[in-house]
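Geometric and topological summary
Here are the chains, one letter per residue:
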Amino acid sequence: MEAVVQTKGLLSLPSNPRTRAINSPSEGLKRRFNPLKPQTPNGFSLSLKGFPKFQGFINKPYAVGQKNKDFHICRAAAAADGEPLFEEVDSPKFMGIEIVTLKKIVPLGLMFFCILFNYTILRDTKDVLVVTAQGSSAEIIPFLKTWVNLPMAIGFMLLYTKLSNVLSKQALFYTVILPFIAFFGAFGFVLYPLSDYFHPTVLADKLLATLGPRFLGPLAILRIWSFCLFYVMAELWGSVVISVLFWGFANQILGPSSWITTVEEAKRFYPLFGLGANVALVFSGRTVKYFSNLRKNLGPGVDGWALSLRGMMSIVVIMGFTICGLYWWVNTSVPLPTRSKKKKEKPKLGTMESLKFLASSSYIRDLALLVVAYGISINLVEVTWKSKLKAQFPSPNEYSSFMGDFSTGTGIATFTMMLLSQWIFRKYGWGVAAKITPTVLLITGVGFFSLILFGDPLAPALASFGITPLLAAVYVGAMQNIFSKSAKYSLFDPCKEMAYIPLDEDTKVKGKAAIDVVCNPLGKSGGALIQQFMILTFGSLANSTPYLGGVLLVIVLGWLTAARSLDKQFTALRREEELEREMERAAVKIPVLSQNENGNGNGSLSSRSSMNPKGSDSTGSSSEASSPRNI
C-alpha cells in the first residue's frame, strides 16, 4: 500500500515508508518531531495498517464501530504560514467578538461618543458667541478663520511636535486634553460673566468710526477677543482631540501586535465609530436645545444665555473627565500591542514641489479640484447663511436652540446617508456617487441665494405658507448645510479615498502628500479669502451676496466637470487593473509534481491532490535513499 502525506507543501514523505527511513537521524524528522509531546494537534489522519508507529505520530483513539486499525496523525509546523505547532485555545467570546477585543472597542466607542458630544456643543456655542455678540456679525468668521484660527493651529502643532519628543504617550494625552477642559470650564463660570470688564468695547468703537463699517469683521475680533478665543479652542477640539488624540490612540490599541490583524479589526469596527458619531450629534443637539430653552422659565433681569452656557460647559467638563477616565482604564486594564518602530518612509513635499506634481498629472489635478471646490463652496454658503440666521434669531438662546435642531438633523441625515451609500456605490458606481455632493450643493445653493436676491417678489407666495422670505432662506440654507455635510461624510470622503486605489504606489503616495500640503488648506481658507475680498470691496456681506452666488455657481460647475473627467480616468484605470489581474491568472502555471534534488520522481504533490493511494511501487527502492524535502 502506498500513501503520500502532504501538509501545505512543507512536508513530503516518500511512498512505501520504512521505519528506518523515518527514524534515521540523517533524515531530520527525528530531530524535528522528538520534542513534541503526546498531544492531539490538528493535522491529516492517515491509515497505515501494518506499519510501526513513527516518532512524531500519535495514535488516534478508535471510534465506535471501527475496525482495529492504527490511525496516525502527522502534524508539520507550517512556518511559512505562521501556523502554530499545536491547536490554540480559543479566546472567550461574546456575541461572536472576543472579550479582549470588546475591552478595546467599548471604551473607544464611549470615548468617541463623548468627544463628538462635546464637539457638537462647542461648535454650536462658538457660532452663537461670535455671531450674536453686540458689535459683531457673521462677517467676523472669515477673518477669524484666516488670521486667528490658522496661526494658532500651526502654533499648536509645533508645540505638540516638541512635546511628543519629550513626553510619554499617556503624559502627552493628558497634557493636551486637560487644558481644553480647564479652559471651557473657566469660560462658562469666569470669562463670560466678566467679559464686560475686559473687552475693549470703547477702543473698538473709536476704530470702527475711523475706519468705516467695512472693517466691522476685523475689529470685532478685538472687541470680543475672549469669545474669539473660545471659537479657536472649539475648532482645535475638533482637529486635535478627534483627529490627533483619539484616532492616534485607536490606531495604537486596536488589534493585537500583528499589523494585518490590526487592519482587519479596523475595517470591521471603524465604520461603527462613524455611525456612533452621528448618534452623538443627535443627543448633543437635543442637549443644546434643552439648555437654550431654559430662558423661557426665567424671570425678568436674569441672563438666560449665561445660565445656559454654564450648564453646557458643565457637561463639557464632565464629558472631558470621562474621556480621561476611559483612557486611563484602557491603558491599565487592556494589554496594548507592541509594534515595530520601522515605518515606511513617505515623501515630504514642500509647497512648490506639491504644485509641480499637481500640474504634472491630469488625474491628480482633477482630484485636487474636487477637494478645493468642496472647501470653498461650503464656506461661501455657510457664512452667508449664518448672517441670515442672526437676522432671524438675534437672541443667543433662540440662535442656540435652532443650532441644536440643526445638529440633530445633521446627525439623522448623515446616519441615513451612510446606510444608503453602500447601495449607491454598488448600484450606480463611483461616478454617480462623486457627483451627488456637488449636485446637492448646486440645487440648494441656487434656492438659497434666489430667496435672498428675489425675496420681495416671492413674499406674497411665501406668506400663504405663513413664512417670510428671510425665514424661508434660513430653512433652505439649513437644508443645504445638512444635506451637503451628510453627502460629504457618506459619499465625498469615500470617493476621494477610492480614487487613490488604482494609482501606482509612487503616484498614490506623492499625490496624497501634494493634496494634503496644498489643497486642504487652500479649500479651507479659499472661501474665507474670497469673502474677505468681497466684504472689503463692497462694504458688507449683504452687498456681496449676488457676487458670492455667482462665484459658487462657477466653482460647483467646475467641480462637476472635474468629477466627470476623473470618473472616465478612474474607470479606465480600473479596467486596466482588472485586465492585468486576468492576465496574471492566465499566466499561472501549477506544477503537477516537484522532483527532489536527486532527480527522481519522488517528491511533494501539487495542490491538486494531497494523496495518491493507487500509486505503483516503482519508486519504492529510491524512497529509502531519498530524504524528506522542505522541512
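Here is what the cut-offs are and how they apply
Residues numbered from 1 in each chain as written. Predicted model: local features only at pLDDT ≥ 70, side-chain atom pairs only at ≥ 80, totals over all residues. Heavy atoms only, no water. Helix = DSSP H or I, 4+ residues; strand = E, 2+ residues; numbered from the N terminus. Buried < 20%, exposed > 50% of the residue type's maximum accessible area, 1.4 Å probe, protein only. Areas by Shrake-Rupley, 256 points an atom, 1.4 Å probe, with all protein chains shown as cover. Axes fitted to C-alpha atoms, helices over the stretch in contact; angles between N-to-C directions. Parallel < 35°, antiparallel > 145°, perpendicular 65-115°, else oblique. Contact = heavy atoms within 4.5 Å. Nonpolar A, V, L, I, M, F, W, Y, C, P; charged D, E, K, R; others polar. pLDDT = per-residue confidence, 0-100. Core = buried A, V, L, I, M, F, W, Y, C linked by side-chain atoms within 4.5 Å. Phe/Tyr/Trp six-rings, centres within 6.5 Å; stacked < 30°, edge-to-face > 60°. Salt bridge = Lys/Arg side-chain N within 4 Å of Asp/Glu carboxyl O. Expected span 1.5 Å × (residues − 1). Left-handed = near helix turned anticlockwise from the far one by under 90°.

Looking at the overall build of the protein chain
- In terms of helices and strands, the protein chain carries 19 helices and 5 strands.
- A burial count over the protein chain gives 46% of its 631 residues as buried.
- Accessible surface, the protein chain as shown: approximately 32400 Å² in total, 62% of it carbon and sulfur.

Some remarks on the packing of helix H11 (residues 304-333) against helix H14 (residues 396-453)
- The interhelical angle for the contact between H11 and H14, taken along N-to-C directions, is 40 degrees, at an axis separation of 9 Å. Overall, the two elements H11 and H14 adopt an arrangement that is oblique. When H11 is examined against H14, the residues Gly-304, Trp-305, Ser-308 and Met-312 are found in contact with a partner set consisting of Pro-396, Asn-397 and Ser-400.
- When its residues are assigned to classes, the contact of H11 with H14 shows 3 nonpolar, 4 polar and no charged.

Quick look at the confidence of the model for the protein chain
- Averaged over every residue, the pLDDT of the protein chain is 75; residues scoring 70 or more account for 69%.
- When the criterion is pLDDT under 50, residues 339-346 qualifies, and its contacts beyond four places in sequence or with other chains add up to 8 contacts.

Re the nonpolar core
- Core analysis: the biggest nonpolar cluster contains 129 residues, and Ile-177, Phe-180, Phe-184, Trp-237, Met-313 and Trp-385 have the highest contact counts within it.
- Of the residues forming this core, the biggest block, 17 residues, is contributed by helix H9 (residues 225-253).
- If we ignore the near neighbours within four places in the chain, the residues touching Phe-180 are Met-233, Leu-236, Trp-237, Val-240 and Val-241.

A few points about the side chain of Ser-540
- When you line up the elements, Ser-540 lands in the loop between helix H17 (505-538) and helix H18 (541-587).
- Not counting residues within four places of it along the chain, the set of residues in contact with Ser-540 comprises Glu-139 and Ile-535.

Focus: the packing of aromatic side chains
- Under the criterion given, the structure shown has 33 aromatic pairs.
- A ring pair is formed by Phe-180 and Trp-237, whose centres lie 5.8 Å apart and whose planes are at 80 degrees; its orientation type is edge-to-face. Highlighted residues: Phe-180 in helix H5 (residues 169-191) and Trp-237 in helix H9, separated in sequence by 57 residues. A single burial state applies to Phe-180 and to Trp-237, both of which are buried.
- Arranged with centres 6.4 Å apart and planes meeting at 25 degrees, the rings of Phe-402 and Tyr-475 form a pair that is stacked. Within this pair, whereas Phe-402 is found in helix H14, its partner Tyr-475 is found in helix H16 (residues 469-498), the two being separated by 73 residues in sequence.
- Residue class for Tyr-475 comes out partly exposed when judged on its relative accessible area of 41%.
- An aromatic cluster of at least three residues, connected via ring pairs, comprises Phe-156, Tyr-160, Phe-180, Phe-183, Phe-184, Phe-187, Tyr-192, Phe-227, Phe-230 and Trp-237.

Some details on the environment of Phe-143
- Tracing the sequence through the fold places Phe-143 in helix H4 (residues 140-166).
- Along the chain, Phe-143 and Ala-220 lie 77 residues apart, while their C-alpha atoms are 9.5 Å from each other.
- When neighbours within four sequence positions are excluded, Phe-143 is seen to be in contact with Val-148, Gly-217, Pro-218, Ile-221, Gln-532, Ile-535 and Leu-536.

Thoughts on the pattern of salt bridges
- Applying the stated rule across the entire model yields 10 salt bridges.
- The closest approach of N and O atoms between Glu-235 and Lys-126, which form a salt bridge, is 3.1 Å. One end of the pair, Glu-235, is in helix H9; the other, Lys-126, is in helix H3 (residues 99-132), with 109 residues separating them in the sequence.
- Where Asp-405 meets Lys-289, a salt bridge forms, and the shortest distance between an N and an O atom there is 2.8 Å. Note that Asp-405 is positioned in helix H14 and Lys-289 in helix H10 (residues 259-292), a separation of 116 residues in sequence.
- In this structure Asp-405 comes out as partly exposed when scored by relative accessible area, which is 31%.
- Residue class for Lys-289 comes out partly exposed when judged on its relative accessible area of 22%.

Examining H5
- Between its first and last C-alpha, H5 extends 31 Å over 23 residues, near the 33 Å set by a 1.5 Å rise per residue.
- What H5 keeps buried is the set Leu-172, Phe-173, Val-176, Ile-177, Phe-180, Ile-181, Phe-183, Phe-184, Gly-185, Phe-187 and Gly-188.

Re the packing of H4 against H5
- Their axes nearest at 10 Å, the elements H4 and H5 cross at an angle of 150 degrees. Classed by the angle they form, the pair H4 and H5 counts as roughly antiparallel. Between H4 and H5 lies a crossing of right-handed hand. On H5, the residues touching Phe-156, Tyr-160, Leu-163 and Ser-164 of H4 are Leu-172, Thr-175 and Val-176.
- Its residues placed into classes, the contact of H4 with H5 shows 5 nonpolar, 2 polar and no charged.

Observations concerning the environment of Asp-366
- When you line up the elements, Asp-366 lands in helix H13 (residues 362-392).
- Here Asp-366 falls in the buried class, since its relative accessible area comes to 13%.
- Ignoring anything within four residues of it in the chain, the contact list for Asp-366 reads Ala-562, Ser-565, Leu-566 and Gln-569.

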